[in-house]
Amino acid sequence: LTIGAADFFTEGWCNGVSLGRHKGGYTPFEFDLTDALDTEGRGVVVLRVEDSMENAQQPVGKQWRWYTTTSGIWQTVFVEPRHQSYIAPFRITPDLAANRAIFDVPCVESRDGDELEIVLHHPPEAMRPENQRKRPHRFVVRVGAALGSITENFLRWDHHSPTLYHLDLRLIRDGRVLDEVRSYFGMREITTEAAADGGPAALCLNGRPLYLRGALHQSFYPDGVYTAGDAATLRNDIALAKKAGFDFLRVHIKIDDPLLLYYADTLGMLLMVDFPNFGEGGDTPLGRARFESMMRAAIERDFNHPSIIAWCMFNETWGFGGQVELFKWIEEKKLALPLQTSNIASGGEEKESAPVTADTRKLANANAQKWVAEMWLAAKRLDPTRLIEDMSVVYWEHREYYAHTKTDINSWHFYIDDYQRAREHIEKVARDTYAGSRFNYVPGFEQGSAPLITSEYGGVGALDGDRDISWSFRFLTNALRRQPKLSAYVFTQLHDVEWEYNGFLNYDRTPKEFGYDPTLVNAADVLTVDSAPIRRAAPGERVRVELSSSHYSARTFGDVIGQWRLSGVDGLARVHADLARGSAKIPFTQGRVESAGVVEFALPEDGPMLCKLTIQAVDTNDGKVIAGNYVEYLVTGPEYPPAASENVLRAAPGHWSDAVWSEGGSTREEANAADECHGAGSGFFEWSLPLAGVDWAGARRVRILCEASSRRQDTPQTSLDLFPTTLRVLLNGELVHTAAVPDHPHDTRGVLSYLRGGRGAYGYLTQIVAEGELLRRVREAGDAGHLRLRCEVPPDVPARNGLTLYGPECGRYPVGVTVVLES
């Protein structure tokens with residue numbers, strides 16, 4: 001009876017006969033049912049699993065006061081018949097230099113003369129001649145003899161072409177098969193390549209430089225917490241990550257279901273796996289012993305997965321006191337964690353450690369890094385084929401004992417939602433990382449050639465609420481891709497988890513809208529800009545934008561041409577497609593980040609206008625676009641928004657003449673500050689627009705422009721969860737327009753909201769025309785001095801979710817509530 005994982009103490013019985021006990025929550029264990037079955041081979045199995053509420057001395061990962069705890073069986077349970085002599089967990093080690101696979105296959109209770117047969121099946125990609133499979137490769141070794149190996153022209157496994165070799169292992173005695181195991185492996189090698197200038201080394205897969213584009217994968221599920229509801233969910237997580245441009249996942253402080261690793265192997269996704277930490281105060285002899293036992297068992301279980309290229313021993317300072325200050329703030333009280341172990345399944349061999357409070361634990365960490373270094377060395381000995389990181393370092397906890405010691409990876413974390421501060425921070429870290437630097441290392445250690453990665457970053461942190469991530473993902477990732485010293489980044493995160501809303505996907509795995517394709521900055525080949533995503537600019541201002549190319553795909557290009565175009569939308573929603581354009585040959589060298597020249601141009605002389613600089617890199621061999629990017633500019637005149645002209649009337653958001661909302665709305669001060677007005681429930685805003693100097697009688701047609709959305713109380717990123725409302729527009733009391741407005745969206749398209757310091761809210765551009773008989777009625781219903789414009793949500797419609805009306809400096813378009821009179 002094999003139990004994939006049960007958290008934490010497990011005791012089993014079959015037909016009332018004790019099967020044994022097990023401690024640990026992340027790795028498989030088994031019970032032998034043979035002697036407990038009845039005469040017909042049947043049995044009733046009972047498992048009792050206990051997970052103490054005071055679990056600081058257990059490996060717990062994010063179950064420690066963050067997300068819902070697991071408690072119980074959370075990985076697959078199965079029964080299989082097995083001979084007393086059987087094949088034990090084995091290793092297949094690729095040796096790319098010699099083109100061979102080395103097999104280390106121990107067998108339990110084998111005898112002299114037993115043989116191990118290995119049958120290697122070639123993948124379809126290795127068919128020779130075409131459409132004909134090579135025969136399976138068979139060889140037999142004596143059990144207990146030296147390591148076996150197969151040498152041939154193996155195809156390589158990588159994340160672009162995940163070629164796997166399947167095999168059968170058979171333990172044979174006197175011509176009879178005693179045990180048979182089917183498995184697979186991939187021929188791949190993760191190495192580093194020293195930098196010529198003494199900087200951090202580059203990551204290489206199968207000898208080719210990498211720039212890994214990663215996401216943090218918490219691997220929690222709303223229907224099963226640690227356990228996915230079905231295998232398809234695990235597969236889809238990998239597939240959705242690849243669709244967004246990621247080729248790397250950091251499985252965060254969890255030893256995950258082997259099915260997830262299987263899909264990473266078969267679909268092509270590189271993984272770094274974090275070992276689960278113990279809880280705060282758990283750094284005791286007992287906590288350390290449990291951690292090391294779990295670490296050794298996990299490496300044994302997962303050694304043969306080609307997708308895993310790195311292990312991370314510890315995350316930040318979790319378990320060493322690093323969470324204390326954070327949880328003081330979250331819980332608004334000092335944490336005291338008296339520690340004790342469970343009475344069951346311990347067999348009496350474990351002793352309770354003395355109670356340790358979180359505060360004293362924080363002061364007792366003088367030897368923590370010594371033990372971290374010991375665990376790093378133990379993992380290197382267990383698995384010399386992968387990169388091992390000692391601790392994934394959080395930069396703002398840069399204290400003497402909370403940085404790197406010996407490590408194969410030099411990582412750091414940051415969460416910044418301001419472009420300029422993020423740019424300066426990234427450049428500082430890159431500047432301070434060089435051979436001999438002590439930056440990010442504990443005393444006595446220094447940077448050698450370890451690759452530099454940011455193993456967590458984002459603009460929205462765990463406690464920042466339900467906010468859009470599309471905006472910060474673009475400018476942060478763009479800034480990271482400009483750094484030649486960087487080898488990888490890990491964005492936080494792939495999906496939301498419970499109260500943490502910074503995922504590419506919602507917790508239920510439904511997608512969020514970004515307003516752009518994330519592969520714009522998250523692909524193997526990208527074109528980056530040294531610029532904020534948007535800024536204010538004066539009419540006619542000359543602009544200079546520096547470009548960089550980052551080329552890490554396997555594709556080879558001919559000459560690469562950089563093409564750029566400046567377009568714009570003005571205050572009357574008119575599109576100006578070709579304000580300026582140009583092109584030039586740019587460098588795009590494989591395996592490098594390098595300067596790709598400069599774009600220079602002048603902005604339009606007239607404002608207001610929202611301008612967009614679009615840049616593309618084009619391969620002259622086939623005319624295909626390799627990469628692209630864009631930057632936006634709000635061109636404003638001396639008076640913005642401009643005053644009403646003889647044929648244009650503008651309704652400033654905070655200058656309404658009357659407003660009533662059933663569930664409250666913005667004050668004038670709030671509307672003027674945000675350049676938008678909003679109301680909740682049903683109600684209206686009405687403006688009285690003066691007609692002095694306007695040829696109202698001679699107007700042949702009236703055109704109304706506005707950007708409108710419903711009104712949410714919060715600011716979630718745009719997704720499938722729509723929040724519709726009803727918009728009615730009246731002129732002088734005459735109904736001129738009724739429409740459904742689908743949502744109150746928040747994402748990168750709300751560029752003007754972000755420029756103004758908001759969260760990316762925007763609306764839908766509405767254009768209304770009143771002419772003929774309708775216009776005649778509007779004239780007759782008004783007075784000679786004013787035009788009354790009302791935007792409302794009626795109280796008698798089903799969709800009554802408020803209204804937001806955007807000014808020319810808020811939302812998506814440089815268009816406020818505007819009335820245009822056309823002769």
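Basis of the calculations
- Residues numbered from 1 in each chain as written.
- Predicted model: local features only at pLDDT ≥ 70, side-chain atom pairs only at ≥ 80, totals over all residues.
- Heavy atoms only, no water.
- 1 Å grid on protein atoms, 1.4 Å probe; cavity = no way out; pocket = protein on both sides within 12 Å on 5 of 7 lines; lining within 4 Å.
- Points joined across faces, edges and corners; volume = space filled by probe spheres on them.
- Nonpolar A, V, L, I, M, F, W, Y, C, P; charged D, E, K, R; others polar.
- Core = buried A, V, L, I, M, F, W, Y, C linked by side-chain atoms within 4.5 Å.
- Buried < 20%, exposed > 50% of the residue type's maximum accessible area, 1.4 Å probe, protein only.
- Helix = DSSP H or I, 4+ residues; strand = E, 2+ residues; numbered from the N terminus.
- Contact = heavy atoms within 4.5 Å.
- Expected span 1.5 Å × (residues − 1).
- Arc of directions from axis to C-beta.
- Polar contact = N/O pair within 3.5 Å; in protein donor to acceptor, adjacent residues only side chain to side chain.
- Pairing = 2+ DSSP bridges.
- Axes fitted to C-alpha atoms, helices over the stretch in contact; angles between N-to-C directions.
- Phe/Tyr/Trp six-rings, centres within 6.5 Å; stacked < 30°, edge-to-face > 60°.
- Lys NZ or Arg CZ within 6 Å of the ring centre and 35° of its normal.
- Disulfide = S-S within 2.5 Å.
- pLDDT = per-residue confidence, 0-100.
- Right-handed = clockwise from strand over helix to strand, strands pointing away.
- Salt bridge = Lys/Arg side-chain N within 4 Å of Asp/Glu carboxyl O.
- Parallel < 35°, antiparallel > 145°, perpendicular 65-115°, else oblique.
- Left-handed = near helix turned anticlockwise from the far one by under 90°.

### Thoughts on empty space enclosed by the protein
(1) Moving on: As enumerated under the stated definition, the model contains 6 cavities of 30 Å³ or more in all.
(2) Moving on: Size it by volume and the largest cavity reaches roughly 80 Å³.
(3) Moving on: Ile92, Pro94, Phe185, Gly186, Arg188, Phe303, Asn304, His305, Pro306, Thr385 and Arg386 together form the lining of the largest cavity.
(4) Moving on: Residues that form the lining of the largest cavity fall into these classes: 5 nonpolar, 4 polar and 2 charged.

### Considering the nonpolar core
Across soluble globular proteins, nonpolar side chains show a tendency to be buried alongside one another.
(1) Moving on: Formed by 89 residues in total, the largest nonpolar core has its most connected members in Phe275, Phe291, Met295, Met313, Phe314 and Phe473.
(2) Moving on: Considering every element that reaches this core, the biggest residue donor is helix H6 (residues 368-382), with 7 residues.
(3) Moving on: The residues touching Phe291, leaving out its near neighbours within four places in the chain, are Pro59, Phe275, Pro276, Phe278, Met313, Phe314, Trp371 and Met375.
(4) Moving on: Val729, Leu731, Leu774 and Val817 belong to the second largest nonpolar core, which has 36 residues in total.

### Thoughts on unusual backbone geometry
(1) Moving on: Phe8 follows Asp7 through a cis peptide bond whose omega is 10°.
(2) Moving on: Residue Thr492 is joined to Gln493 through a cis peptide bond whose omega torsion reads 15°.
(3) Moving on: Along the chain, the position of Gln493 falls in the loop between strand S28 (486-491) and strand S29 (525-529).
(4) Moving on: A positive phi angle, close to 50°, is found at Glu109, a residue other than glycine.
(5) Moving on: Relative to the elements of secondary structure, Glu109 occurs in the loop between strand S12 (107-108) and strand S13 (115-121).

### Thoughts on helix H7 (residues 419-431)
(1) Moving on: With 13 residues, H7 extends 18 Å from end C-alpha to end C-alpha; this agrees with the ideal 18 Å at 1.5 Å per step.
(2) Moving on: For H7, the set of buried residues is Tyr419, Ala422, His425, Ile426, Val429 and Ala430. Along H7, the residues classed as buried sweep out an arc of 130° about the axis, all on the same side.
(3) Moving on: Those residues of H7 that are buried are in contact with strand S26 (410-415), strand S27 (452-458) and helix H8 (470-481).
(4) Moving on: Of the residues that open H7, the one with a side-chain oxygen 3.3 Å from the backbone nitrogen of Gln420 is Asp418.

### Regarding the sheet that holds strand S17 (residues 176-185)
(1) Moving on: An order of S14-S13-S16-S17 is seen for the 4 strands of this open sheet, with the pairing classed as antiparallel. Two strands close off the open sheet at either side, each with one partner strand: strand S14 (137-142) and S17. Each neighbouring strand pair of the sheet contributes to a mean axis angle of 20°, computed without reference to strand direction.
(2) Moving on: As defined by bridge partners, S13 adjoins S14 across 6 bridges and the pair is classed as antiparallel. Opposite Leu120, over in S14, you have His137 as the bridge partner.

### Quick notes on the packing of aromatic side chains
(1) Moving on: Within the structure shown, the criterion is met by 49 aromatic pairs.
(2) Moving on: Ring geometry for Tyr67 versus Phe220: centroids 5.1 Å apart, planes at 70°, classification edge-to-face. Taken together, the residues span a long stretch of sequence, with Tyr67 in the loop between strand S6 (45-50) and strand S7 (72-73) and Phe220 in the loop between strand S21 (212-217) and helix H1 (231-243) at a distance of 153 residues.
(3) Moving on: In this structure Tyr67 comes out as buried when scored by relative accessible area, which is 4%.
(4) Moving on: Ring centres of Phe473 and Phe514 lie 6.5 Å apart, and the angle between their planes is 90°; this geometry places the pair in the edge-to-face category. Of this pair, Phe473 sits in helix H8 while Phe514 sits in the loop between S28 and S29, and the two are 41 residues apart along the sequence.
(5) Moving on: Linked through ring pairs, Tyr211, Phe246, Trp412, Phe414, Tyr457, Phe473, Tyr489, Phe491, Phe504, Phe514, Tyr516 and Tyr552 together constitute an aromatic cluster.
(6) Moving on: For the cation-ring pair, Lys612 lies above Tyr630, with the distance from its terminal atom to the ring centre recorded as 4.4 Å.

### A short note on the layout of surface pockets
(1) Moving on: Computed from the structure, the largest pocket encloses a volume of approximately 1,700 Å³.
(2) Moving on: Every residue lining the largest pocket is counted, 47 residues in all, and those nearest its centre are Thr2, Pro28, Phe78, Pro89 and Arg301.
(3) Moving on: Where the lining of the largest pocket is concerned, the elements lending two or more residues are strand S4 (17-23), strand S5 (29-30), strand S9 (86-87), S17, helix H2 (258-267) and helix H3 (285-302).
(4) Moving on: For the lining of the largest pocket, the element with the highest residue contribution is H3, accounting for 8 residues.
(5) Moving on: Taken together, the residues of the lining of the largest pocket sort by class into 21 nonpolar, 13 polar and 13 charged.

### Remarks on the state of the cysteines
(1) Moving on: Per the counting criterion, the structure on display carries 0 disulfides.
(2) Moving on: Cys791 supplies the cysteine sulfur nearest to Cys706, a cysteine that is in no disulfide, at a spacing of 5.2 Å.

### Section: the confidence of the model for the protein
(1) Moving on: Averaged over all residues, the pLDDT of the protein equals 90, while 91% of them reach at least 70.
(2) Moving on: For residues 332-349, every residue scores under 50 in pLDDT, and the model assigns this stretch 47 contacts once sequence neighbours within four places are set aside.
(3) Moving on: With pLDDT under 50 throughout, residues 352-364 is counted as low confidence; its partners more than four residues away or in other chains account for 28 contacts.

### Structural notes on the sheet that holds strand S8 (residues 77-78)
The strands that make up a sheet are held in pairs by hydrogen bonds between backbone atoms, and each pair lies either parallel or antiparallel.
(1) Moving on: Spatially, the 3 strands line up as an open sheet ordered S5-S1-S8, and their pairing is antiparallel. Two strands close off the open sheet at either side, each with one partner strand: S5 and S8.

### Focus: the pairing of strand S22 (residues 248-251)
(1) Moving on: Residues Phe248 and Arg250 of S22 are buried on one face, and the alternating residues Leu249 and Val251, pointing to the opposite face, are buried as well.
(2) Moving on: In this structure, S21 lies alongside S22, joined through 4 bridges in parallel fashion. By the bridge assignment for S22, Leu216 is matched with Arg250.
(3) Moving on: In this region the chain leaves S21, passes through H1 and returns to the parallel neighbour S22; the handedness of that crossover is right-handed.
(4) Moving on: Regarding topology, H2 serves as the crossover connection from S22 to the parallel strand S23 (residues 270-274), and that connection is right-handed.

### Quick look at the pattern of salt bridges
(1) Moving on: Inspection of the entire model under this criterion finds 48 salt bridges.
(2) Moving on: Two residues, Arg749 and Glu513, come together in a salt bridge whose shortest N-O distance is 2.8 Å. One end of the pair, Arg749, is in the loop between strand S43 (734-741) and helix H10 (751-755); the other, Glu513, is in the loop between S28 and S29, and 236 residues separate them in sequence.
(3) Moving on: A relative accessible area of 35% places Glu513 in the partly exposed class.
(4) Moving on: For Glu773, the salt bridge identified is with Arg776, shortest N-O distance 2.2 Å.

### A closer look at the packing of H7 against H8
(1) Moving on: The geometry of H7 relative to H8 is characterised by a closest axis approach of 10 Å and an angle of 25° between their N-to-C directions. As summarised for this structure, H7 and H8 are arranged roughly parallel, according to the angle between their axes. Of the two elements, H7 crosses H8, and the hand of that crossing is right-handed. Contact residues: H7 offers Tyr419, Ala422 and Ile426, while H8 offers Phe475, Leu476, Ala479 and Leu480.
(2) Moving on: Classifying every residue of the contact of H7 with H8 gives 7 nonpolar, no polar and no charged.

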